[in-house]
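# Descriptive analysis of the structure
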Amino acid sequence: MATHTGFQQQRPFARSAAVRSALEVGYRHIDTAEMYGNEKEVGQGIRDAGLERGAVFVTSKLNNGYHRPDDARRAFDATLSALGSDYVDLFLIHWPLPTLYHGDFVSTWNVLEEFAKDGRARSIGVSNFQVAHLDRLADGSQTVPAVNQIEVHPYFGNEQVRSYDHTHRIATEAWSPIAQGKVLDDPVITRIADVHGKTPAQVVLRWHIQRGDIVFPKSVTPERIRANFELFDFEVDDTDMEAISDTASRSFSVR
Ligand SMILES: NC(=O)c1ccc[n+]([C@@H]2O[C@H](COP(=O)([O-])OP(=O)(O)OC[C@H]3O[C@@H](n4cnc5c(N)ncnc54)[C@H](OP(=O)(O)O)[C@@H]3O)[C@@H](O)[C@H]2O)c1
């Protein structure tokens, strides 16, 4: 039987210690955002891990209140300053927000293009963009987003947006990859976990990777941080991949 419990007793890390611990385990992509209020701790955790800045891929995001061009420029400066870095590897528009700033996320995107051009954002992308938003961006700009970060987990496959991303060579990043824990008791997933001697979280994260999506499970629990990285010594077969995808009939969103 796979072990599904027992992590809760461990003392959670402070944020910068969680980042440092993840880097020590082997993670190399840290996802942060102004909205989460943890950019400073992410920068600290990277420095504490003693890694070269170039060894870590850092993503941050433009917060919702800063879509106007001058606000976006100020917010980006503040992000770099909080991280203690002169660049980010990836900078995203966090939400398209069609009802704020006249819904003009295209001019916001044009400002992100400036950051890419001056090298302070090594790449730029979007988050929570639906097909209509992506179409509008394509009409107003030659720059294809490197990434669309969207909610994806077994109970919410988000297939239409994933398919658009795939066709347009936009990488899909799956946020809430384990649905904040809500898929971990699913009988289909626990059965597959038992077959492989893995935890349900490991099976779900492996399902994402085999679908070709980028994942960044969140945890401040030492044992979970370690276990969520142990995904490369087993494979989910096609039948079970489909069975996990089919659990989406119990579809819901964590937001
Ligand atoms: N772009 C967006 O709009 C957006 C929205 C939401 C999230 N995100 C990004 O996606 C990341 C992940 O999403 P998320 O935090 O919503 O959800 P998630 O990664 O699916 O789930 C995180 C929750 O699951 C717990 N957990 C982690 N590993 C576990 C394991 N092995 N077994 C049992 N429970 C486990 C964590 O608890 P502990 O921490 O207590 O261990 C935490 O409560 C975020 O950190 C953020 O970077 C982006």
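Described below are features of the structure shown in this document. (Residues numbered from 1 in each chain as written. Predicted model: local features only at pLDDT ≥ 70, side-chain atom pairs only at ≥ 80, totals over all residues. Heavy atoms only, no water.)

Glancing now at the pattern of salt bridges. All chains considered together, the criterion is met by 16 salt bridges. For the salt bridge of Arg 74 with Asp 71, the shortest nitrogen-to-oxygen distance reads 2.8 Å. Remark: Asp 71 and Arg 74 occur in helix α3 (residues 69–83); sequence separation between them is 3 residues, near one turn of the helix. Looking at Arg 74, the relative accessible area reads 54%, which means it is exposed. Owing to a relative accessible area of 22%, Asp 71 belongs among the partly exposed residues under this scheme. Notably, a salt bridge pairs Glu 230 with Arg 226, separated by 2.5 Å at the nearest N-O pair. (Salt bridge = Lys/Arg side-chain N within 4 Å of Asp/Glu carboxyl O. Helix = DSSP H or I, 4+ residues; strand = E, 2+ residues; numbered from the N terminus. Buried < 20%, exposed > 50% of the residue type's maximum accessible area, 1.4 Å probe, protein only.)

If a strand is regular, its side chains alternate between the two faces of the sheet. Taking burial as the measure, the 5 residues of strand β5 (residues 147–151) include 5 buried ones, the bulk of the element. Judged from the 2 bridges that link them, strand β4 (residues 124–127) and β5 form a sheet pairing that is parallel. Bridge pairing in β5 links Ser 127 to Gln 149. Where β5 and strand β6 (residues 171–175) come together, 5 bridges link them in parallel fashion. For Ile 150, the partnering residue across the bridge sits in β6 and is Ala 174. Between the parallel elements β5 and β6, the chain passes through helix α6 (residues 159–167) in a crossover that is right-handed. (Pairing = 2+ DSSP bridges. Right-handed = clockwise from strand over helix to strand, strands pointing away.)

Attention shifts here to the site of the ligand. Surrounding the ligand, one finds 24 residues, the nearest of these being Asp 31, Ser 176, Lys 218, Ser 219 and Thr 221. The separation between an oxygen atom of the ligand and a polar side-chain atom of His 94 is 3.3 Å. Take Trp 175: an N or O atom from its side chain is 3.4 Å from an oxygen atom of the ligand. Isolated, the ligand exposes 920 Å² of accessible area, and the fraction of that covered by the protein chains is 85%. Residue composition of the shell around the ligand, by class: 11 nonpolar, 9 polar and 4 charged. (Near = heavy atom within 4 Å. Polar contact = N/O pair within 3.5 Å; in protein donor to acceptor, adjacent residues only side chain to side chain. Areas by Shrake-Rupley, 256 points an atom, 1.4 Å probe, with all protein chains shown as cover. Nonpolar A, V, L, I, M, F, W, Y, C, P; charged D, E, K, R; others polar.)

Before going further, it helps to examine α3. Helix length check: α3, at 15 residues, gives a terminal C-alpha distance of 21 Å against a target of 21 Å (1.5 Å per residue), a fit within 8%. Those residues of α3 lying buried are Ala 72, Ala 75, Phe 76, Thr 79, Leu 80 and Leu 83. Projected onto a plane normal to the axis of α3, the buried residues spread over an arc of 140 degrees and lie on a single side. Every exposed residue of α3 that faces more than 90 degrees away from the buried side is listed here: Arg 74 and Ser 81. Of the surrounding elements, those touching the buried residues of α3 are α2 (39–49), β2 (57–62), β3 (90–93) and α4 (105–117). A positive backbone phi angle near 70 degrees is found at Gly 84, which sits one or two residues after α3. (Expected span 1.5 Å × (residues − 1). Arc of directions from axis to C-beta. Contact = heavy atoms within 4.5 Å.)

Another aspect to go through is the sheet that holds β5. Ordered by their spatial adjacency, 7 strands build an open sheet running β1-β2-β3-β4-β5-β6-β7, and the pairing between neighbours is parallel. One side of each edge strand has no neighbouring strand; the edge strands of this open sheet are β1 (29–31) and β7 (214–215).

The subject of this paragraph is the nonpolar core. Ranked by internal contacts, the top residues of the largest apolar core, which has 55 residues, are Phe 91 and Leu 112. Considering each element in turn, this core owes the most residues, 6 residues, to α4. Discounting chain neighbours no more than four positions away, the residues touching Phe 91 are Ser 60, Lys 61, Leu 62, Phe 76, Thr 79, Leu 112, Phe 115, Ala 121, Ser 123, Ile 124 and Gly 125. (Core = buried A, V, L, I, M, F, W, Y, C linked by side-chain atoms within 4.5 Å.)

Moving on to the packing of aromatic side chains. Pairs of aromatic rings are described using the distance from one ring centre to the other and the angle between the two planes. Going through the model one piece at a time under the given rule, you end up with 6 aromatic pairs. Each ring, one from Phe 105 and one from Phe 129, has its centre 5.1 Å from the other, and the planes form 65 degrees; the classification is edge-to-face. Of this pair, Phe 105 sits in helix α4 while Phe 129 is found in the loop between β4 and α5 (131–140), placing the two residues 24 residues apart along the sequence. With relative accessibility at 0%, the residue Phe 129 sits in the buried group. Ring plane angle 75 degrees and centroid distance 6.1 Å describe the contact between Phe 229 and Phe 232, whose orientation is recorded as edge-to-face. You can call Phe 232 exposed: its relative accessible area is 58%. A connected cluster of aromatic rings, assembled from ring pairs, spans Tyr 27, Phe 229 and Phe 232. Sitting over the ring of Tyr 87, Arg 53 keeps its end group 4.1 Å from the ring centre. In this structure, Arg 206 packs its charged tip against the face of Phe 234, placed 5.9 Å from the ring centre. (Phe/Tyr/Trp six-rings, centres within 6.5 Å; stacked < 30°, edge-to-face > 60°. Lys NZ or Arg CZ within 6 Å of the ring centre and 35° of its normal.)

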